[in-house]
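# Structural description and commentary
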Amino acid sequence: MSPIVEVDNICKSFGVAKVLQGVSFTVRKGSVVAIIGQSGSGKSTALRCIDRLETIDSGRIRVCGHELASPGLDLNQLRRDVGIVFQSYNLFPHLTAEENIMLAPRLVKRQSRSDAREKARHVLAQVGLSEKGPCYPSQLSGGQQQRVAIARSLAMEPQLMLFDEVTSALDPQLTGEVLRVMENLAAAGMTMILVTHEMAFARRVADEVIFMHQGRVWEHGPSSLLDNPATAELRDFIGNGL
Ligand SMILES: Nc1ncnc2c1ncn2[C@@H]1O[C@H](COP(=O)(O)OP(=O)(O)OP(=O)(O)O)[C@@H](O)[C@H]1O
Ligand SMILES: [Mg+2]
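Residues numbered from 1 in each chain as written. Chains lettered and ligands numbered in written order. Predicted model: local features only at pLDDT ≥ 70, side-chain atom pairs only at ≥ 80, totals over all residues. Heavy atoms only, no water.

### Points about the site of ligand 1
- Residues in contact with ligand 1, as listed here, are Phe14, Val19, Gln38, Ser39, Gly40, Ser41, Gly42, Lys43, Ser44, Thr45 and Glu165.
- Contact distances for ligand 1 include 2.6 Å between an oxygen atom and a side-chain N or O atom of Ser39.
- Here Gly40 contributes a backbone N or O atom positioned 2.8 Å from an oxygen atom of ligand 1.
- Expressed as a share of its isolated accessible area of 640 Å², the protein-covered part of ligand 1 is 56%.
- No other element matches the three residues that helix 1 (residues 43-50) contributes to the shell around ligand 1.
- Of the residues in the shell around ligand 1, the class split is two nonpolar, seven polar and two charged. (Near = heavy atom within 4 Å. Polar contact = N/O pair within 3.5 Å; in protein donor to acceptor, adjacent residues only side chain to side chain. Areas by Shrake-Rupley, 256 points an atom, 1.4 Å probe, with all protein chains shown as cover. Helix = DSSP H or I, 4+ residues; strand = E, 2+ residues; numbered from the N terminus. Nonpolar A, V, L, I, M, F, W, Y, C, P; charged D, E, K, R; others polar.)

The structure is reproduced here in structure tokens:
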């Protein structure tokens, strides 16, 4: 089976800063890949390139059958196929949880109000928030808001989910709620790439771990590499994280 994501030797600079220096990896359908590494190592930039929120200077990216450099790229279809969730939830404060979730299916997929509402209720249940549809973001905890943000992505029925440090702003208890939702998604077969500082979570849930250092894939392997780092850089990184 061909991979759902193929990142081939991509390079990206911002001005003189070479942020990605020949990054390559592939992601199999249904697998969970955790990207770890120090601040500034290029994790977010790599993730953003996969959703074409950033363009690359060289190399090649293929995602869910889309060739990202192709002049014929259907950006709308790419954005339907790939869901992305960030540390900040970015919910609209004047819309309820349910209305936030209904927005993209209504606008992008042209779903009827009743179909979009039914889908919203389904995905809210999936993230354990069946009761919270009528609530405004200000009435929800940070962890609940983040779960609404995840539900909003799921409502578009993506083939691939990208998570960029989605629990970094949350206290430990709320972090646990959000990680459980992600773990359930993984168990249900969702393909996921997640940038995370949660080493225990990565160890337990990820099929593969990518350690980035100075814009390069420094180590890549099964999550057991966290217990047996091959390089001093990964050893230092894990040591500092404890
Ligand atoms: N839009 C931008 N313009 C200029 N420089 C940028 C931009 N985005 C990222 N960078 C720089 O690229 C480098 C890598 O940033 P990136 O956000 O990918 O790192 P990261 O590994 O996600 O770090 P963190 O763990 O802090 O989130 C950093 O030095 C950052 O300052
Ligand atoms: Mg980042």
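Now that the structure has been shown, the text picks up again.
### Remarks on the packing of helix 4 (residues 113-126) against helix 5 (residues 142-154)
- Contact geometry of helix 4 with helix 5 gives a least axis separation of 9 Å together with a crossing angle of 130°. Looking at the two axes, helix 4 sits oblique to helix 5. Between helix 4 and helix 5 lies a crossing of right-handed hand. On helix 5, the residues that touch Lys119, Val123, Leu124 and Gln126 of helix 4 are Val148, Ala151 and Leu154. (Axes fitted to C-alpha atoms, helices over the stretch in contact; angles between N-to-C directions. Parallel < 35°, antiparallel > 145°, perpendicular 65-115°, else oblique. Left-handed = near helix turned anticlockwise from the far one by under 90°. Contact = heavy atoms within 4.5 Å.)

### Topic: helix 5
- Its 13 residues place the ends of helix 5 18 Å apart at the C-alpha level, agreeing with the 18 Å of an ideal helix rising 1.5 Å per residue.
- Of all 13 residues that make up helix 5, 12 are buried, and the element is covered over most of its length.
- Within the span of helix 5, buried status applies to Gly142, Gly143, Gln144, Gln145, Gln146, Arg147, Val148, Ala149, Ile150, Ala151, Ser153 and Leu154.
- On its buried face, helix 5 is in contact with strand 6 (82-85), helix 3 (97-107), helix 4, strand 7 (160-164) and helix 6 (172-187). (Expected span 1.5 Å × (residues − 1). Buried < 20%, exposed > 50% of the residue type's maximum accessible area, 1.4 Å probe, protein only.)

### Here's the deal with the sheet that holds strand 5 (residues 66-67)
- A sheet is described by the order of its strands in space; here four strands give the open sequence 2-1-4-5, paired in antiparallel fashion. Of all strands in the sheet, those bounded by a partner on one side alone are strand 2 (17-27) and strand 5. (Pairing = 2+ DSSP bridges.)

### Some details on the side chain of Asp164
- Its location among the elements puts Asp164 in strand 7.
- Buried charge Asp164 goes without a salt bridge, the closest partner of opposite sign being Arg48 at 6.7 Å.
- A distance of 2.6 Å separates the side chain of Asp164 from the side chain of Ser44, its partner in a polar contact.
- Filtering out sequence-adjacent residues up to four positions away, Asp164 remains in contact with Ser44, Leu47, Val85, Phe86, Gln87 and Val195. (Lys, Arg positive; Asp, Glu negative; His and termini not counted. Salt bridge = Lys/Arg side-chain N within 4 Å of Asp/Glu carboxyl O.)

### Looking at the packing of helix 3 against helix 4
- The geometry of helix 3 relative to helix 4 is characterised by a closest axis approach of 9 Å and an angle of 125° between their N-to-C directions. Accordingly, the angle class assigned to the pair helix 3 and helix 4 is oblique. In this structure, helix 3 crosses over helix 4, and the sense of that crossing is right-handed. Contact with helix 3, carried on its side by Glu98, Ile101, Met102, Pro105 and Arg106, involves Arg113, Ala116, Arg117, Ala120, Arg121, Val123 and Leu124 of helix 4 and no other residues of that element.
- In the contact of helix 3 with helix 4, the residues fall into seven nonpolar, no polar and five charged.

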